[in-house]
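Residue strings, one per chain:
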Amino acid sequence: MKYNIENNINNNKYECLLLNIYQNIIDNNNFFYNKYILKAKKKYNYKGKINENIIINNINNNNIDNLILIGCGKKEKLNKKIFLNIIKNSFYMIKKNNYKNILIIFNNLNIKNNYWKTFNYINTFEYYNYNFNKFKTKKYNLKNNKNIYFYINKKKENNNINLAINNAKIISLGIKKSRDLCNTPPNICNSKYIYKIIKKNIKNNNNIKISYLNKKKMKEIGMNAYLSVNKSSSNEPLAIIINYNKNNKEKPIILIGKGITFDTGGISIKPSNKMWDMKYDMSGASSVYGILYIISKLKLNINVIGILACAENMIDKNSTRPGDVIKTLSKKTVEIINTDAEGRLILCDILSYINKFNPYYVIDIATLTGACLISLGPKINALLTNNKKLSKKIISASKESMNNIWELPLFNEYNKYLKSNIADIKNCSETPYAGTITAACFLSYFTKKYKWAHIDIAGTAYNKNGSTGQPICIIVQFLINLFNKK
Ligand code: BES
Ligand code: MN
Ligand code: ZN
């Protein structure tokens, strides 16, 4: 879709004008369309409630053919969250009617920030316009030839709105690329494929270096926890490292994504019902890819190292057994209680490996625990961290980007659940209590030397429509904020 600014409503011909209408209020400005709204109110008993959206065809105005009215509800109740829902409704009204030239007027609303509105129209439209049809022989793609015009009445705002358009385009494209990778089936999307996609979409240049740790290298340095997960897979494990360096003086922010391209559970096998979902167990890695794509296009003046910890948790005669003890890269020994708690095993070795980068902050993103979906449900990311300031920054980025995150406590009371009789720790608790917290407790053994946050996205990363691209917007906002403070 194309996005443009329109400073003069009478300049162009539009197939459709999209108007946001408050409940029971008629705009007191004198736009020509007021008479149509009045008509609609009479004829259709249109009230302008939320989710009350109608089309008025053939209005025979000089330059507008059709009118879409989007109900915005009560004026005093309108807030940004509700507005995002209004934008979503707008998208489906346009899609249903397949209009190609659309003028959007939003300057009549009490949310005044035109940058915010423009940015979120684009981000939301692109999000819902997404579909993954690469594997369908018959492509029924919605034609992408729409032209969206935002009416901006003050020309001097154009620069700022153009910035909103450009930023939103970059961010929504990064999210799209991440969702595409995440939705790719596990017989194709293995570690090597992920590496190939990254090399294709993020090009090496002065600021970006892409490299990886392969099986040989992992063996050499002792990443036995990581390797134990991949033992029965015929695909080589790769920890893909994207080094974005735009500020030599600063310590790097390190982002780590869990990239299990398929999680059978291993010997502690998962039930077959919904096992196919476990192709999404690389959502953390695909998010990190999206984030690195975005910040490299936004050219943020910051150092970020993204690490995609890719492996596959399969089963055969070589599989790691429940009861095995392995020595991690940190030299700590781990007794494997459950081979389905594999994410923390690949992560713990990466969390040790990155000490050498002397990180400023470390954030890992992982579909780590089913318990996360139980405790916070499908719309809220979980945050656990060893640093108050980092927590504050992530939470405020979540509010600004309108994506939910909620902090769970990382109290050391539950460390006792990880005590092992024969090794330093167990890989998981044997009680079902507080699974998201005990998983983070496990990781916290390996993150003592730096400020670290763990984001569990097991609930949010995908839904019945596939990958959601969570929590890319939060982390991008977090990085933009860091960049702006400098
Ligand atoms: N990838 C799963 C977690 C998961 C479950 C993500 C459902 C998305 C939806 C993870 O590897 C896992 O299997 N975790 C176990 C841990 C348990 C064995 C301690 C779980 O949550 O059951
Ligand atoms: Mn698992
Ligand atoms: Zn998993």
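The structure this text deals with has already been given above.
Now for a look at the structure at hand. (Residues numbered from 1 in each chain as written. Chains lettered and ligands numbered in written order. Predicted model: local features only at pLDDT ≥ 70, side-chain atom pairs only at ≥ 80, totals over all residues. Heavy atoms only, no water.)

Moving on, we get to the packing of aromatic side chains. Scanning the entire structure with this criterion turns up 22 aromatic pairs. For the ring pair Phe 132 and Phe 135, a centre distance of 6.0 Å and an interplane angle of 50° mean the geometry is tilted. Take Phe 135: its relative accessible area is 44%, and that puts it in the partly exposed class. Each ring, one from Tyr 353 and one from Phe 357, has its centre 6.1 Å from the other, and the planes form 80°; the classification is edge-to-face. An aromatic cluster of three or more residues is present, and its members are Tyr 3, Phe 83, Phe 91, Tyr 92, Phe 106, Trp 116, Tyr 121, Phe 125, Tyr 127, Tyr 128 and Phe 150. Its guanidinium or amino end placed over the ring of Tyr 127, Arg 179 lies 3.9 Å from that ring's centre, counting from NZ or CZ. Positioned above the aromatic ring of Tyr 445, the side-chain terminus of Lys 448 is 5.5 Å from the ring centre. (Phe/Tyr/Trp six-rings, centres within 6.5 Å; stacked < 30°, edge-to-face > 60°. Buried < 20%, exposed > 50% of the residue type's maximum accessible area, 1.4 Å probe, protein only. Lys NZ or Arg CZ within 6 Å of the ring centre and 35° of its normal.)

Since the α-helix packs 3.6 residues into each turn, any two residues three or four apart lie on the same face. In a regular helix each residue adds 1.5 Å, so 14 residues correspond to 20 Å; helix H13 (residues 472-485) covers 20 Å between its end C-alpha atoms and thus fits that length. Across the 14 residues that make up H13, a large majority, eleven, are buried. Of all the residues in H13, the buried ones are Ile 472, Cys 473, Ile 474, Ile 475, Val 476, Gln 477, Phe 478, Leu 479, Ile 480, Asn 481 and Leu 482. (Helix = DSSP H or I, 4+ residues; strand = E, 2+ residues; numbered from the N terminus. Expected span 1.5 Å × (residues − 1).)

It is worth spelling out the coordination of the manganese ion (ligand 2) at this point. All of the protein donors around the manganese ion (ligand 2) are Asp 263 (OD), Asp 340 (O), Asp 340 (OD) and Glu 342 (OE); their distances to the metal are 2.1 to 2.2 Å. Classification of the site at the manganese ion (ligand 2) rests on its six donor atoms, whose angles at the metal span 70 to 167°, yielding the label irregular. Along the chain, the residues that donate to the manganese ion (ligand 2) are spaced as D-x76-D-x1-E. In this structure, the manganese ion (ligand 2) lies 3.1 Å away from the zinc ion (ligand 3), the two metals sharing Asp 263 as a donor. (Donors = N, O, S within 2.8 Å, 3.2 Å for Na, K, Ca; no water. Tetrahedral: all angles 85-135°; square planar, octahedral: opposite > 155°, others 65-115°.)

Any functional reading would require information that these geometric values do not contain.
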